[in-house]
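Remarks on the overall topology
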Amino acid sequence: MTVVEAQVRRLLRAWPAFDRADRGDEIVATTLDLVPPGARRLPLRLAASLFVGGLRARHRARPPVWAWLLYGLGWPPRGRTRWLASDALRPGCGRRALRRHLVACSAVVAGLGAGLAAFIHTSIAPMWVYFPLEFFVMFLVSLSPGVGWGSPSLLSAIAVRLAEEGRPAEAVAQLVVGGLALRRRRLGDDHLTPLRPATRLGGVLLAAARAEEAAAVLGPTFEILKGTAPDKDWPTWLAGHDLAVALSMADRTEDAARVGREVLFGRREIAGADSVGALKTASNLGSTLRSLGRYDEAIDFLADTFARGVRSAPDEEWPTWRAGHELAVTLAEAGRPAEAVPIEEQVLRARRRLLGPDSLDTLGSGCYLGMFLQLSGRLDEAVECLAETFERAKRAAPDEDSPTWVTGHTLAFTLALHGRLEPAVTVGREVLEARRRLHGADEPATLTSASNLGVDLRLAGRVDESIVLLADTFERGRRTGAEIGWRAGAHLVDSYVAAGRLEAALSTARTVLEDGVDLDALGVERLAGLRQLTAKE
Amino acid sequence: MAALLREQSFLILLAVADEERHGYGIIREVVELSGDRVRLGPGTLYGALDRLTEQGLVEATRTEVVSGRVRRYYAISSSGRVTLDQEVSRRRALVGIATTRLRRAGGLTPA
């Protein structure tokens, strides 16, 4: 987390609990988008806006007396969703609900008693009239606790609360299904009122990257919606679309592909194959199939989606150009990088036109195009593309690892492949310093950059510098258990051999072996020195 | 008759009138629509979006994560479109009255 993001998150504490849970990450993302590139602190104007906005949101969330009374009686008022949810998100909501229930019932019964007394012209109704009546009504209301807790807004809030407390996903699903059943009995089978908030809840959990819980909420919701409102894109097929995304994020890719196909069929049925919704689902389905290794099917889906998108929605980044990008990545992963190059070039041109040359997606396309050119053996063009993207990305997004420093890392690697070792070392050092600043020295991405730079230094003849860097990377990797540490260890043996320091090489090789590392599993190519030394042992 | 829209709410409704946009997209669009006169901060934007959502004029359509950042998209609802139409008619009528009065007072040159 950067310093600026930490500042934004601190200021977010001024907002009510529900806003933080529901849209905290969204507010952070929008604020970070507004921070000028390269800024080391949050500008005062943005900080003030966030803080004052939070206080105002708290003020707005305070309910009027009538809403409070209705809630206490068990009928959460309409249009007060955010307050209800904020209340349910604070600790001790059950205890507060009971207290509120008692106070509200007492107030209403006392009011009715006073009205009755006025009606029958009695100056003051005797207390013995109020209290038995009051307790009798409270008893009746308390017999039906589901009246209040079955409300969809409250239900969503409680499910979010349970999810936050780390309760099993099944509990959340049971709560939603139980609440939905209650609402359906009261409102009828085809009423969408309880299903919409459940769909939104799934979206909230998905946005918070809580994929298992999102899938647990959206699964039963989607099942009911398919039967009750198969002709509505919202909420039915959107719930299905989000469910497929959640399943995919939760590594349940087979299920994601099955649901994705079903949603694609549904959306094509109601809005046509060229509708934006259908294209988005098809694009996601293609990506899911790719992660299953079913490249041919994925390429068919993505190529079809891309062609339809270019024809019917040429100005839409999502789904058209993202589908194109996904298609290029899939082709490259399937071992066909040469075919990926012209597609990514097309995507890059479109993104420059639609999003501007400095958007993260455009820069990401530049980075991928460079990789595809490199994989196709077109090293001169790859270096040119990556260098241009890297320079632009450093200016536009200096604090983003992807695409900025990933591009630099790839550029250094490509320059080394090209035999241009000194420029590779210069770029590699710049990337390493930036990653140390952004992530710290022990993160796997930083260690990978350090390991690559160590190898390039040795190949450039700067063996002593190589040894210092690789020894440090090896130690950090061992301490944190990162696999890249062992690769650095193997490269360190090579550097010691190159420097003629065979004792040190032998000692390092012994350490690697004593830690029980499976050298073959590492897949390190440059193990000649290590194998030679261990054979002597 | 619908309540009057504040300037910020009017601009936000206009920003999401033709296509769904995320928070940053709305802020950029409002800057463009207002000729760089109105620059919404995040607190102001989300306060206004809360009000518009509670009034049923705007709805969140979908959420996605791009480059690790959460983006929620907002679109105008059917009742939002009606309110926007009414507001545009009201402003148009007001401009008509203002133009007539200024001409009568000799303060506005005919185009």
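In case you missed it, the structure is sitting above this.
Chains are numbered independently. Their residues run from 1 in the order of the written sequence. Here the convention is simple: chains get letters from A, ligands get numbers from 1, in the order in which they are written. With pLDDT at 70 or above as the cut-off, local features in this predicted model cover only qualifying residues; side-chain atom pairs require 80 or more to be listed or tallied, and sums for whole chains, interfaces and linings still use all residues. The side-chain values count all of the structure's non-hydrogen atoms but skip hydrogen atoms and water molecules.

**Topic: the overall build of chain A**
Secondary structure counts use DSSP, requiring at least four H or I residues in a row for a helix and at least two E residues in a row for a strand, with both numbered from the N terminus. A count of helical and extended segments in chain A gives 28 helices and zero strands. The classification of residues rests on relative accessible area computed with a 1.4 Å probe and restricted to protein chains. Under 20% of the type maximum is buried, over 50% is exposed, and intermediate values are partly exposed. Classification of the 537 residues of chain A by burial places 50% in the buried group. Sequence separation of 24 or more characterises 62% of the internal contacts of chain A that already satisfy a separation of 6 or more. Carbon and sulfur atoms provide 56% of the accessible area of chain A, an area that totals close to 24,800 Å². In what follows, residue pairs with any heavy atoms lying within 4.5 Å of each other are defined as contacts. Only the protein chains shown count as covering a residue, and every accessible area follows the Shrake-Rupley method with a 1.4 Å probe.

**A short note on the overall build of chain B**
Assigned secondary structure in chain B consists of four helices and three strands. Reading chain B from its N terminus to its C terminus gives the helix and strand order α-β-α-α-β-β-α. Counting all 111 residues of chain B, 44% fall into the buried class. Within chain B, counting contacts between residues at least 6 apart in sequence, those at least 24 apart form 49% of the total.

**Here's the deal with the pairing of strand 2 (residues 58-66) of chain B**
Residues and elements named next belong to chain B. Here, any two strands with at least 2 DSSP bridges between them count as paired. One ladder, built from eight bridges, connects strand 2 with strand 3 (residues 69-76); its direction is antiparallel. Among the inter-strand pairings, Arg62 is bridged to a residue of strand 3, identified as Tyr73. Counting the residues in the hairpin turn of strand 2 and strand 3 gives two residues, including Ser67, whose phi is positive at 50 degrees.

**Quick word on the interface of chain B and chain A**
Across the contact, 28 residues belong to chain B and 29 residues belong to chain A. The contact between chain B and chain A buries some 2,600 Å² in all, and 48% of this surface belongs to carbon and sulfur atoms. Between Lys or Arg on one side and Asp or Glu on the other, a salt bridge is scored when a side-chain nitrogen of the former is within 4 Å of a carboxyl oxygen of the latter. At the junction of chain B with chain A, the criterion picks out eight salt bridges. Among the salt bridges present, the one from Lys280(A) reaches Glu20(B), with a minimum N-O distance of 3.7 Å. Looking at which element gives the most residues to the side of chain B that touches chain A, the answer is helix 3 (residues 42-54) of chain B, with nine residues. In this count, Pro and Cys sit with the nonpolar residues alongside Ala, Val, Leu, Ile, Met, Phe, Trp and Tyr, while Asp, Glu, Lys and Arg are called charged and the others, Gly among them, polar. When its residues are assigned to classes, the side of chain B that touches chain A shows ten nonpolar, eight polar and ten charged. Here the quantity called buried area is the total loss of accessible area, with a 1.4 Å probe, experienced by two parts when brought into contact, counted for both.

**Some details on unusual backbone geometry**
For residues that are not glycine, phi is negative in most cases, and the peptide bond is trans in most cases. A cis amide bond links Trp234(A) to the next residue, Pro235(A), at an omega of 5 degrees. Within the secondary structure, Pro235(A) is located in helix 13 (residues 233-249). That bond from Trp318(A) to Pro319(A) is cis: its omega, 20 degrees, falls within 30 degrees of zero. Topologically, Pro319(A) is positioned in helix 17 (residues 317-333). Even without being a glycine, Asp251(A) presents a positive backbone phi close to 65 degrees. Of note, Asp251(A) is situated in the loop between helix 13 and helix 14 (253-271). At Asp36(B), a residue that is not glycine, the phi angle is positive and equals roughly 65 degrees. Structurally, Asp36(B) is set in the loop between helix 2 (23-33) and helix 3.

**Some words on a positive patch on the surface**
All names here are of chain A. Among the surface-exposed residues, Arg10, Arg13, Arg20, Arg41 and Arg58 lie close enough to one another that they form a single positively charged patch. Along the polypeptide, Arg13 turns up in the loop between helix 1 (3-11) and helix 2 (17-34). Among the residues examined, Arg13 registers a relative accessible area of 57% and is labelled exposed. Patch rule: a residue counts if its relative accessible area is over 30% and it has no salt bridge; like charges are joined within 9 Å, and nonpolar side chains (Val, Leu, Ile, Met, Phe, Trp, Tyr) within 5 Å. In this charge count, Lys and Arg are treated as positive and Asp and Glu as negative; neither His nor the chain ends contribute. Throughout, a charge is located at the NZ atom of Lys, the CZ atom of Arg, the CG atom of Asp or the CD atom of Glu.

**Side note on the environment of Glu333(A)**
Residues and elements named next belong to chain A. Looking at where Glu333 falls in the secondary structure, it is placed in helix 17. Given a relative accessible area of 43%, Glu333 falls into the partly exposed group. Separated by 43 residues in sequence, Glu333 and Arg290 have C-alpha atoms that sit 8.6 Å apart. Discounting chain neighbours no more than four positions away, the residues touching Glu333 are Arg290 and Tyr295.

**A closer look at the packing of helix 14 of chain A against helix 16 (residues 295-312) of chain A**
Residue and element names in this part refer to chain A. Where helix 14 contacts helix 16, the axes come no closer than 15 Å and their chain directions differ by 25 degrees. It follows from the interaxial angle that helix 14 and helix 16 lie roughly parallel. Pair helix 14 / helix 16 crosses with left-handed handedness. Counting all contacts with helix 14, which are made through Arg261, Leu264 and Arg268, the residues of helix 16 involved are Glu297, Phe301, Asp304 and Arg308. Among the residues making up the contact of helix 14 with helix 16, the classes are represented as two nonpolar, no polar and five charged. Here, axes are lines fitted to C-alpha atoms. For helices the fit covers the stretch in contact, and angles between N-to-C directions go from 0 to 180 degrees. Angular relationships are summarised with four words: roughly parallel below 35 degrees, roughly antiparallel beyond 145, roughly perpendicular across 65 to 115, and oblique for the angles in between. For a crossing to be left-handed, the near helix must be turned anticlockwise from the far one by less than a right angle; the clockwise case is right-handed.

**Topic: the sheet that holds strand 2 of chain B**
In space, the three strands of this open sheet follow the order 1-3-2 (chain B), with antiparallel pairing throughout. Only two strands of the sheet have a single neighbouring strand rather than two, namely strand 1 (21-22) and strand 2 of chain B.

**Overview of the nonpolar core**
One finds Trp15(A), Ile12(B), Leu13(B), Ile26(B), Val30(B), Leu45(B) and Leu49(B) to be the most contacted residues of the largest nonpolar core, which totals 38 residues. For this core, the secondary structure elements donating two or more residues are helix 1, helix 2 and helix 3 (44-61) of chain A together with helix 1 (7-15), helix 2, helix 3 and strand 3 of chain B. Residues in contact with Leu13(B), not counting those within four places in the same chain, are Leu5(B), Leu52(B), Leu57(B), Val58(B), Ile76(B), Gly80(B) and Leu84(B). Definition used in this section: a nonpolar core is a set of buried Ala, Val, Leu, Ile, Met, Phe, Trp, Tyr and Cys residues joined via side-chain atoms within 4.5 Å.

**As for the packing of aromatic side chains**
Centre distance within 6.5 Å is the pairing criterion for rings of Phe, Tyr and Trp, where only the six-membered ring of Trp is used; planes under 30 degrees apart are then read as stacked, over 60 as edge-to-face, and the remainder as tilted. By the definition in use, this model includes five aromatic pairs over all chains. Ring centres of Phe222(A) and Trp237(A) lie 5.7 Å apart, and the angle between their planes is 70 degrees; on these two criteria the pair is classed as edge-to-face. Of this pair, Phe222(A) sits in helix 12 (residues 211-228) while Trp237(A) sits in helix 13, placing them 15 residues apart in sequence. Assessed through its relative accessible area of 7%, Trp237(A) is described here as buried. Ring geometry for Phe390(A) against Trp405(A): centres 5.6 Å apart, planes inclined by 80 degrees, an arrangement best described as edge-to-face. Placement of the pair is Phe390(A) in helix 20 (residues 379-396) and Trp405(A) in helix 21 (residues 401-417), with a sequence separation of 15 residues. Of the residues examined, Phe390(A) reaches a relative accessible area of 2% and is grouped as buried. For the cation-ring pair, Arg62(B) lies above Tyr73(B), with the distance from its terminal atom to the ring centre recorded as 3.8 Å. Both a distance and an angle decide whether a charge sits over a ring: NZ of Lys or CZ of Arg must be within 6 Å of the ring centre and within 35 degrees of the ring normal.

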